[in-house]
Amino acid sequence: MAYQLTYFDMRGRAESIRILFALADVFYVDNRVRHTDFAKLKPSLPFGQLPTLTLDNGVVLSQSSTIGRFLAKKFGFHGKDEIESAQIDEICDCIVDHELAYWSCFDSKLEAATQKTRLENYMSVITPKYFSKFDQNLERKNGQYMVGESVTFADVRLVNHIEFFSEMTETNLIADFPYLQELARNITNIPRIKKWMSQRPVSSVRKEEEEYDSFHHV
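Given the structure is predicted, the values throughout are model-derived calculations rather than measurements.

**Q** I tried to follow the pairing of strand β1 (residues 3-8) on my own but got confused; where do I start?
**A** If a strand is regular, its side chains alternate between the two faces of the sheet. Of all 6 residues that make up β1, 5 are buried, and the element is covered over most of its length. Examined bridge by bridge, β1 and strand β3 (residues 52-55) share 4 bridges and lie antiparallel to one another. In the sheet register, Tyr3 faces β3, and the bridge partner there is Leu55. Taken together, the 5 bridges between β1 and strand β2 (residues 29-33) define a ladder with parallel strand orientation. Counted as the bridge partner of Thr6 is Asn31 from β2. With respect to chirality, the unit in which β1 leads through helix α1 (residues 15-24) into the neighbouring parallel β2 is right-handed.

Given below as C-alpha cells:
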C-alpha cells in the first residue's frame, strides 16, 4: 500500500507519524505544505485540517490520532490484543490532554497575567501530574515499555511529545522522572528512529509556536 502524509513543513502533530513510518521502515511521501498555500488547500481537506493520510485507493484520513492508530495497527505497533490496544490509546489520550493544557495557556482571549499563571500551573502542577503517572507505569514494568513487552505507538508518541514540549518550554520536563529518561534514551536509540531524527528537516519549535497562533486548528 502506498501512503502520502500531508502536513506543514514542521514537526507538530505529524512527527510521531513520521517516526512511526521510520520505525516500520515503510516508504511514504512526506508532502510538506507551506503555510501560505494552506488557504487554497483547506477546502479540499476532509475536515479542513492537517495532517491527512492519503491511501492508494483514494481514501483520505484526517486527525493525527486517527492516522497514528491506523498505521500503528497496520505496522504491528498497537499491542498484541485488545487490552494492550486500549492501554496504548489511554496513554495517547493522556498525551493529548497534556498538549492541550499547554496551548490553553496562550488563549488570545486571556490577559497576559492570566496566561502567565496558567503556564506556571502547567509547569508546576499539570506536567508533574501526568509525567509522574507515566514514570510510575514504567517503574512497575521495570522501565521497559509503556505497554506490553515491545515498542508500541504509545512509546513513540510519548517520547516525541517529551522532546517537543521540552524544547517548547526550554525545560527538561523529565529531569525528575528517571524511568521516562530511560524510555527516551531507548526509543531514540532504536537505529531506524535514530537515523530519521538525524536526517529529518531542521524545525524550530519557537517558529512552530508562533505559527500555531494562526493555525491552531490544524
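Next comes the rest of the write-up.
**Q** Looking at this structure, I do not really get the side chain of Ser85. What am I missing?
**A** Within the element layout of this structure, Ser85 appears in helix α4 (residues 82-104). At 2.7 Å, the side chain of Ser85 and the side chain of His78 are in polar contact. If sequence neighbours within four positions are ignored, Ser85 has contacts with Lys73, His78 and Gly79.

**Q** What is the right way to read the state of the cysteines from this model?
**A** Here is the idea: a disulfide is a covalent bond, and it sits between the sulfur atoms of two cysteines. For the structure on display, the rule yields 0 disulfides. No disulfide involves Cys92; its sulfur sits 9.3 Å from the nearest other cysteine sulfur, which is in Cys94. No disulfide involves Cys105; its sulfur sits 18 Å from the nearest other cysteine sulfur, which is in Cys94.

**Q** Help me out: how do you make sense of the packing of helix α5 (residues 112-140) against helix α7 (residues 178-188) in this one?
**A** The geometry of a pair of packed helices is captured by two quantities: the angle between their axes and the separation between those axes. Following both chains from N to C, one finds α5 and α7 inclined at 75 degrees, their axes separated by 7 Å at the closest point. One way to sum up the angle between α5 and α7 is to call them roughly perpendicular. For the pair α5 and α7, contact is made by Phe131, Phe134, Asp135, Leu138 and Glu139 and by Pro178, Tyr179, Leu180 and Leu183, respectively. In terms of residue class, the contact of α5 with α7 is made up of 7 nonpolar, no polar and 2 charged.

**Q** Before we go on, may I ask you to explain the nonpolar core in this structure?
**A** Among soluble globular proteins, nonpolar side chains are generally buried collectively. In this structure, Leu53, Leu71, Phe131, Phe134, Met146 and Leu180 are the most contacted members of the largest nonpolar core, which totals 59 residues. The greatest single-element share of this core, amounting to 9 residues, is contributed by helix α6 (residues 153-169). Every residue in contact with Leu53, bar those within four places of it in the chain, is listed here: Tyr3, Gln4, Leu5, Phe21, Val59, Val60, Leu61, Ile67, Phe70 and Leu71.

**Q** Even after reading the chapter, I still don't get the confidence of the model for the protein, so can you show me in this structure?
**A** Overall, the predicted model of the protein reaches an average pLDDT of 92, with 93% of residues at or above 70. When the criterion is pLDDT under 50, residues 212-218 qualifies, and its contacts beyond four places in sequence or with other chains add up to 14 contacts.

Rules used throughout
- Residues numbered from 1 in each chain as written.
- Predicted model: local features only at pLDDT ≥ 70, side-chain atom pairs only at ≥ 80, totals over all residues.
- Heavy atoms only, no water.
- Buried < 20%, exposed > 50% of the residue type's maximum accessible area, 1.4 Å probe, protein only.
- Helix = DSSP H or I, 4+ residues; strand = E, 2+ residues; numbered from the N terminus.
- Pairing = 2+ DSSP bridges.
- Right-handed = clockwise from strand over helix to strand, strands pointing away.
- Polar contact = N/O pair within 3.5 Å; in protein donor to acceptor, adjacent residues only side chain to side chain.
- Contact = heavy atoms within 4.5 Å.
- Disulfide = S-S within 2.5 Å.
- Axes fitted to C-alpha atoms, helices over the stretch in contact; angles between N-to-C directions.
- Parallel < 35°, antiparallel > 145°, perpendicular 65-115°, else oblique.
- Nonpolar A, V, L, I, M, F, W, Y, C, P; charged D, E, K, R; others polar.
- Core = buried A, V, L, I, M, F, W, Y, C linked by side-chain atoms within 4.5 Å.
- pLDDT = per-residue confidence, 0-100.

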